[in-house]
Amino acid sequence: MSEIKAETTHHHPLIISEPDVSDQQEKSHLKTQRLASLDIFRGLAVALMILVDHAGGDWPEISHAPWNGCNLADFVMPFFLFIVGVAIALALKRIPDRADAVKKVIFRTLKLLFWGILLQGGFSHAPDELTYGVDVRMIRLCGVLQRIALSYLLVSLVEIFTKDVQDKDQSVGQFSIFRLYCWHWLMAACVLVVYLALLYGTYVPDWQFTIINKDSADYGKVFNVTCGVRGKLNPPCNAVGYIDRKVLGINHMYHRPAWRRSKACTQDSPFEGPLRKDAPSWCHAPFEPEGLLSSVSSILSTIIGVHFGHVIIHTKGHLARLKQWVTMGFALLIFGLTLHFTNAIPLNKQLYTLSYVCVTSGAAALVFSAIYALV
């Protein structure tokens, strides 16, 4: 996503034109130039994803945290969103026509949504046994690619429709870059306010669900979960799960959430194992780790990535760029860890909390800075 190539024109072979050499070189430079450090970071994120997907079962310490906390696997999604943000800033500046840029963004968003539904919606049940097909009553509606699509679409549109303002000043100071891109940070503030208001202000009533897995010994059994609270961040009674159950429907959520590996649910914790006989009822319930409200807060990771792309555009000199990146990276990391260890807002990938945004974005900033310095 770090490059969207410009359209090329085709000339009749009998017509010999003599274009301006400097203009031709500039266009060629824009078409072929890539940020090598971003490509390497993207490759690292893919390798990390493969590692935790295949080794997470044997080494649960690197797999997703059952609830609060942050393991190695929990950095993969924010790293991708950060990379998408940097790529947005670099790619969209190459497309001068606003309508063309919007068309490309919408088309790419639809592709991400299509592949997200196809790959994570339940189409491939058992590929080794060549068993495919989707039960629309059970299809999973959310997923990793759908979350990336939402962040990519919204942040890209803000970038496109504020581009004229940004182009007025191509050289800005360390702090004036925030003023130049004030619409991006206004969007971030709105996202944060909406997320926190819903997370802590939504009343979560008691709820129930039925086991629909035919292979389960509890098939057809109805479980009741007691809540009747507001502002709780525990597994059964948080607003993120409640909103997903109301909007998506519990049958369209992820049926093997990470919380099944918690001590409350299984004696094999942190490994995945059979549920305890005295496990709370919510241990049997689905939960969507890429749900609606948590996807709203994940937009913040992309906006932070876009800021790093803006620094590349407006700051000349590697040392000056690294100074800004490292400073912001450490600031985010310290702020997020402070929120977590003071018990103000815990690190939680399932809820995509503010502390989780800050810690993972800060880590992405420092890793990207290190790769940039090495390259």
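Parameters and conventions
- Residues numbered from 1 in each chain as written.
- Predicted model: local features only at pLDDT ≥ 70, side-chain atom pairs only at ≥ 80, totals over all residues.
- Heavy atoms only, no water.
- Helix = DSSP H or I, 4+ residues; strand = E, 2+ residues; numbered from the N terminus.
- Buried < 20%, exposed > 50% of the residue type's maximum accessible area, 1.4 Å probe, protein only.
- Contact = heavy atoms within 4.5 Å.
- Areas by Shrake-Rupley, 256 points an atom, 1.4 Å probe, with all protein chains shown as cover.
- Phe/Tyr/Trp six-rings, centres within 6.5 Å; stacked < 30°, edge-to-face > 60°.
- Disulfide = S-S within 2.5 Å.
- UniProt positions renumbered as here; feature names shortened; annotations may be inferred.
- Core = buried A, V, L, I, M, F, W, Y, C linked by side-chain atoms within 4.5 Å.
- Pairing = 2+ DSSP bridges.
- Axes fitted to C-alpha atoms, helices over the stretch in contact; angles between N-to-C directions.
- Parallel < 35°, antiparallel > 145°, perpendicular 65-115°, else oblique.
- Left-handed = near helix turned anticlockwise from the far one by under 90°.

1. Thoughts on the overall build of the protein
Now for step 1: Helix and strand content of the protein: 12 helices and 6 strands.
Now for step 2: When the 375 residues of the protein are sorted by exposure, 48% land in the buried category.
Now for step 3: Restricting the contact set of the protein to residue pairs at least 6 apart, pairs at least 24 apart contribute 72%.
Now for step 4: Taken as a whole, the protein presents about 19200 Å² of accessible surface, with 63% of it coming from carbon and sulfur.

2. Some thoughts on the packing of aromatic side chains
The geometry of an aromatic ring pair is captured by two quantities: the separation of the ring centres and the angle between the planes.
Now for step 1: By the definition in use, this model includes 19 aromatic pairs.
Now for step 2: Ring plane angle 45° and centroid distance 6.0 Å describe the contact between Trp67 and Trp259, whose orientation is recorded as tilted. With Trp67 in the loop between helix H2 (36–55) and helix H3 (76–92) and Trp259 in the loop between helix H9 (239–247) and helix H10 (292–314), this pair connects stretches of sequence that are 192 residues apart. Each member of the pair, Trp67 as well as Trp259, is classed as buried.

3. A few points about the state of the cysteines
Now for step 1: This model, assessed by the stated rule, comprises 2 disulfides.
Now for step 2: Two residues share a disulfide in this structure: Cys227 and Cys237, whose sulfurs sit 2.1 Å from each other. Looking along the S-S bond of the Cys227-Cys237 disulfide, the torsion reads about -90°, which is the left-handed sense. Of the two residues, Cys227 is situated in the loop between strand E5 (222–225) and strand E6 (229–230) and Cys237 in the loop between E6 and H9; the sequence distance between them amounts to 10 residues. Each member of the pair, Cys227 as well as Cys237, is classed as buried.
Now for step 3: Sulfur-sulfur distance for the disulfide between Cys265 and Cys283 comes to 1.9 Å.

4. Section: the UniProt feature "transmembrane region" (unreviewed entry) in the protein
Now for step 1: UniProt records the feature "transmembrane region" (unreviewed entry) for residues 35–55, 75–93, 105–126, 138–161, 182–203, 292–313, 325–345 and 351–374 in the present numbering.
Now for step 2: Secondary structure within residues 182–203 divides into 91% helix and 5% strand; the distance between the first and last C-alpha atoms comes to 33 Å.
Now for step 3: Strand forms 0% of residues 325–345 and helix 81%; the C-alpha atoms that close the span are 24 Å apart.

5. Here we look at the nonpolar core
Now for step 1: One finds Phe308 and Phe368 to be the most contacted residues of the largest nonpolar core, which totals 69 residues.
Now for step 2: With residues near it in sequence (within four places) discarded, Phe308 still touches Phe82, Val86, Trp325, Met328, Ala365 and Phe368.
Now for step 3: Counting residues in each nonpolar core, the second largest holds 27 residues, with Cys237, Ala239, Cys283 and Phe287 among its members.

6. Digging into the pairing of strand E4 (residues 207–210)
Now for step 1: Only one face of E4 is covered, namely the face carrying Trp207 and Phe209; the face carrying Gln208 and Thr210 is uncovered.
Now for step 2: In this structure, E4 lies alongside E5, joined through 4 bridges in antiparallel fashion. Paired with Phe209 across the two strands is Phe223, which belongs to E5.

7. Observations concerning the environment of Ile117
Now for step 1: Position of Ile117 among the secondary structure elements: in helix H4 (residues 98–120).
Now for step 2: When its relative accessible area of 32% is taken as the criterion, Ile117 is described as partly exposed.
Now for step 3: Through-space distance from the C-alpha of Ile117 to that of Arg140 is 7.4 Å; in sequence the pair is 23 residues apart.

8. Section: the side chain of Ser37
Now for step 1: Positionally, Ser37 belongs in helix H2.
Now for step 2: Contact partners of Ser37, with chain neighbours within four places excluded, come to Phe368, Ile371, Tyr372 and Val375.

9. Quick notes on the packing of helix H5 (residues 144–161) against helix H8 (residues 182–201)
Now for step 1: Interhelical geometry of H5 versus H8 gives an angle of 150° and a closest axis separation of 9 Å. What the angle tells us is that H5 and H8 run roughly antiparallel. In terms of crossing hand, the pair formed by H5 and H8 is right-handed. Between H5, through Leu154, Val155, Val158 and Glu159, and H8, the contact on the second element is made entirely by Trp183, His184 and Met187.

10. Regarding the environment of Phe82
Now for step 1: Mapping Phe82 onto the fold places it in helix H3.
Now for step 2: Assessed through its relative accessible area of 1%, Phe82 is described here as buried.
Now for step 3: A C-alpha to C-alpha distance of 7.0 Å links Phe82 and Ser361, two positions 279 residues apart in sequence.
Now for step 4: Residues in contact with Phe82, not counting those within four places in the same chain, are Phe41, Ser301, Ile304, Gly305, Phe308, Ala364, Ala365 and Phe368.

11. With respect to the environment of Phe80
Now for step 1: Tracing the chain through its elements places Phe80 in helix H3.
Now for step 2: For Phe80, a relative accessible area of 16% corresponds to the buried category.
Now for step 3: In this structure the C-alpha to C-alpha distance between Phe80 and Arg42, which are 38 residues apart in sequence, comes to 7.2 Å.
Now for step 4: Excluding residues that lie within four positions of it along the chain, Phe80 makes contacts with Ala45, Val46, Met49 and Ile148.

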